[in-house]
Amino acid sequence: MSRTFRLSNGDEIPALGLGTWKSEPGEVGAALREAIGAGYRHIDCAAIYMNEREVGQAIAGAIAEGDVRREDLWITSKLWNCNHLAADVRPGLEQTLADLGLDYLDLYLIHWPVAFKPGVTFPRQPEEYLSPDEAPIAQTWSEMEKAVDDGLCRNIGLSNFSEAKCRAVVDGARIAPTVNQVELHPILAQPDLLASCADMGIHLTAHSPLGSGDRPDVMKRSDEPQPMEHRVVHAIADRNQASPAQVLIAWAIQRGTSVIPKSVNPERIRQNMAASEITLSDIDMAEINALDRAERIMLADFFCPPGSPYTVEWMWA
Ligand SMILES: NC(=O)c1ccc[n+]([C@@H]2O[C@H](COP(=O)([O-])OP(=O)(O)OC[C@H]3O[C@@H](n4cnc5c(N)ncnc54)[C@H](OP(=O)(O)O)[C@@H]3O)[C@@H](O)[C@H]2O)c1
């Protein structure tokens with residue numbers, strides 16, 4: 001049984017999961033089967049990744065062939081930004097469940113604290129956004145809670161939410177968020193968010209743990225953090241006969257966060273799984289912890305063009 005973290009409601013989330021953003025149709029299904037064969041039991045999905053149907057076919061195939069049972073899998077998905085209005089939450093979740101071929105999710109997250117008008121996949125004009133007043137997150141959350149009541153998901157949570165935004169949801173919640181999925185790697189270690197979310201009973205999952213190097217060039221900056229390239233990470237990898245990616249994964253798990261590296265490469269999928277068995281020394285951990293520069297890969301500036309109701313400062317305040 002692979003390592004898990006206990007959530008505030010007693011559920012256990014597997015420490016290592018497979019990321020699926022940018023895993024293309026035609027390759028994501030094979031990656032998933034490879035991962036399940038290698039022992040992964042946690043799959044991180046989202047409607048906006050546009051590949052949930054193929055993910056669902058791979059899950060169904062793995063179950064039908066006896067590789068795994070549904071109850072042994074942890075499937076996360078996320079509500080996209082155009083489904084924040086009360087009437088649109090349930091249809092978004094139902095579409096994801098239909099695409100994944102599942103009757104429940106283990107975890108459903110609000111993908112971003114940012115709302116678009118219904119039907120807008122990605123705004124081209126400022127008028128296609130909804131402001132926080134037009135799409136209050138408390139109303140979105142209330143619909144997420146109803147999905148738990150109706151058995152469509154076992155846990156609900158947040159993604160890319162700052163401490164203050166988590167606090168606002170927690171304070172108004174009937175069913176508390178159990179997870180916040182955020183960018184976490186040694187250059188953006190977010191120790192304060194980790195501690196404050198722990199106080200609120202919220203577990204953190206680390207997205208972009210390897211630096212998300214396969215993002216489209218338009219999303220990249222020349223000065224963005226590249227944790228896998230850092231010389232300290234390389235030195236620790238050499239000391240542990242491990243790869244830099246394995247050091248980043250082991251560090252994430254050892255500090256108490258679940259972690260969801262994406263790969264479609266069979267060798268790297270297995271290598272990343274093996275990282276969950278690595279124990280770093282206290283000195284290794286301290287050296288990695290010292291790399292924090294509070295620098296984001298994903299500023300979320302793509303939601304903040306002129307005229308948008310959102311700003312980078314608002315996002316992370
Ligand atoms: N909630 C959110 O807003 C949000 C945002 C970003 C990401 N996520 C989730 O987090 C997951 C992970 O983040 P990410 O996909 O952005 O980036 P990532 O996992 O940090 O990095 C993925 C890149 O690393 C490569 N890679 C994987 N294993 C490797 C290894 N052992 N050695 C060297 N290279 C390796 C992958 O290539 P290959 O595939 O060729 O191996 C790919 O190019 C996503 O897939 C998604 O599920 C969520």
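Residues numbered from 1 in each chain as written. Predicted model: local features only at pLDDT ≥ 70, side-chain atom pairs only at ≥ 80, totals over all residues. Heavy atoms only, no water.

K.L.:
So what's going on with the site of the ligand? Which residues, and what values?
P.N.:
Taken together, 31 residues form the shell around the ligand, and within it Lys22, Asp44, Ser212, Ser263 and Arg268 come nearest. With respect to the ligand, the backbone of Trp21 contributes an N or O atom lying 2.9 Å from an oxygen atom. Here the ligand has 900 Å² of accessible area as a free molecule, and 90% of this is covered by the chains. With respect to the detected pockets, the ligand is housed in the largest pocket. The element best represented in the shell around the ligand is helix 9 (residues 266–275), accounting for three residues. Here the residues of the shell around the ligand are counted per class, giving 11 nonpolar, 14 polar and six charged. (Near = heavy atom within 4 Å. Polar contact = N/O pair within 3.5 Å; in protein donor to acceptor, adjacent residues only side chain to side chain. Areas by Shrake-Rupley, 256 points an atom, 1.4 Å probe, with all protein chains shown as cover. 1 Å grid on protein atoms, 1.4 Å probe; cavity = no way out; pocket = protein on both sides within 12 Å on 5 of 7 lines; lining within 4 Å. Sits in = over half its atoms within 2 Å of the grid points. Helix = DSSP H or I, 4+ residues; strand = E, 2+ residues; numbered from the N terminus. Nonpolar A, V, L, I, M, F, W, Y, C, P; charged D, E, K, R; others polar.)

K.L.:
Tell me what's going on with the layout of surface pockets, and back it up with residues and numbers.
P.N.:
In this structure, the largest pocket encloses a volume near 1,000 Å³. The wall of the largest pocket is formed by 47 residues, among which Trp21, Lys22, Ser212, Asp214 and Met298 lie closest to the centre. Looking at which element gives the most residues to the lining of the largest pocket, the answer is helix 9, with three residues. Its residues assigned to classes, the lining of the largest pocket shows 21 nonpolar, 16 polar and 10 charged. (Points joined across faces, edges and corners; volume = space filled by probe spheres on them.)

K.L.:
Could you give an account of the environment of Ser281, with specific residues and numbers?
P.N.:
Along the polypeptide, Ser281 turns up in the loop between helix 9 and helix 10 (282–289). Owing to a relative accessible area of 33%, Ser281 belongs among the partly exposed residues under this scheme. Separated by 41 residues in sequence, Ser281 and Asn240 have C-alpha atoms that sit 9.4 Å apart. (Buried < 20%, exposed > 50% of the residue type's maximum accessible area, 1.4 Å probe, protein only.)

K.L.:
Any chance you could break down the packing of aromatic side chains for me, citing the residues and the numbers?
P.N.:
Counted by the stated rule, this structure contains 12 aromatic pairs. Here Trp112 and Trp316 contribute two aromatic rings whose centre-to-centre distance is 6.4 Å and whose plane-to-plane angle is 65 degrees, an arrangement assigned as edge-to-face. A residue pair is termed long-range when its members are at least 10 positions apart, and Trp112 in the loop between strand 6 (107–110) and strand 7 (115–116) and Trp316 in helix 11 (residues 312–316) qualify at 204 residues. Accessibility expressed as a relative area gives 5% for Trp112, which makes it buried. Ring-pair connections join several aromatic residues into one group, and the members of that group are Trp80, Trp112, Phe116, Phe122, Tyr129, Phe302, Phe303, Tyr310, Trp314 and Trp316. (Phe/Tyr/Trp six-rings, centres within 6.5 Å; stacked < 30°, edge-to-face > 60°.)

K.L.:
Describe helix 4 (residues 137–149), with residues and values.
P.N.:
With 13 residues, helix 4 extends 19 Å between its outermost C-alpha atoms, agreeing within 8% with the 18 Å of an ideal straight helix rising 1.5 Å per residue. Lining the buried residues of helix 4 we find strand 5 (74–79), helix 3 (86–100), strand 6, strand 9 (156–159) and helix 5 (163–172). Among the residues trailing helix 4, Gly151 stands out with phi positive, at a value near 80 degrees. (Expected span 1.5 Å × (residues − 1). Contact = heavy atoms within 4.5 Å.)

K.L.:
Provide a residue-level description of the packing of helix 7 (residues 231–239) against helix 8 (residues 244–254), including the pertinent values.
P.N.:
Taken N-terminus to C-terminus, the directions of helix 7 and helix 8 make an angle of 95 degrees; their axes are 8 Å apart at the nearest point. With respect to each other, helix 7 and helix 8 are oriented roughly perpendicular. For the pair helix 7 and helix 8, the contacting residues are Val233, His234, Ile236 and Ala237 in the first and Pro244, Val247 and Leu248 in the second. Classifying every residue of the contact of helix 7 with helix 8 gives six nonpolar, one polar and no charged. (Axes fitted to C-alpha atoms, helices over the stretch in contact; angles between N-to-C directions. Parallel < 35°, antiparallel > 145°, perpendicular 65-115°, else oblique.)

K.L.:
Go over unusual backbone geometry with me, naming the residues and quoting the values.
P.N.:
The phi dihedral of Lys22 is positive, around 75 degrees, even though this residue is not glycine. Among the secondary structure elements, Lys22 is positioned in the loop between strand 3 (18–19) and helix 1 (28–38). One non-glycine residue, Ser208, adopts positive backbone phi at about 55 degrees. Among the structural elements, Ser208 can be located in the loop between strand 11 (203–207) and helix 7. On the basis of relative accessibility, which here comes to 10%, the residue Ser208 falls in the buried class.

K.L.:
Could you give an account of the nonpolar core, naming the residues involved and the relevant values?
P.N.:
Most often, soluble globular proteins keep nonpolar side chains buried together rather than apart. Among the nonpolar cores identified, the biggest contains 76 residues, and Leu32, Val55, Ile75, Leu93, Leu105, Tyr108 and Met144 are the most heavily contacted of them. Those residues in contact with Leu93 that lie beyond four places of it in its chain are Leu105, Tyr108, Ala147, Leu152 and Cys153. If you look at the next biggest cluster of nonpolar residues, it comprises 16 residues, including Trp112, Leu130, Met298 and Met315. (Core = buried A, V, L, I, M, F, W, Y, C linked by side-chain atoms within 4.5 Å.)

K.L.:
Before we move on, can you summarise helix 10 with the specific residues and values?
P.N.:
Every buried residue of helix 10 is listed here: Asp284, Met285 and Ile288. Down the axis of helix 10, the buried set is contained in an arc of 95 degrees. They therefore lie on one face. Residues of helix 10 that are exposed and point over 90 degrees away from its buried face: Asp282 and Ile283. Residues of helix 10 that are buried in the fold lie against helix 7 and helix 8. (Arc of directions from axis to C-beta.)

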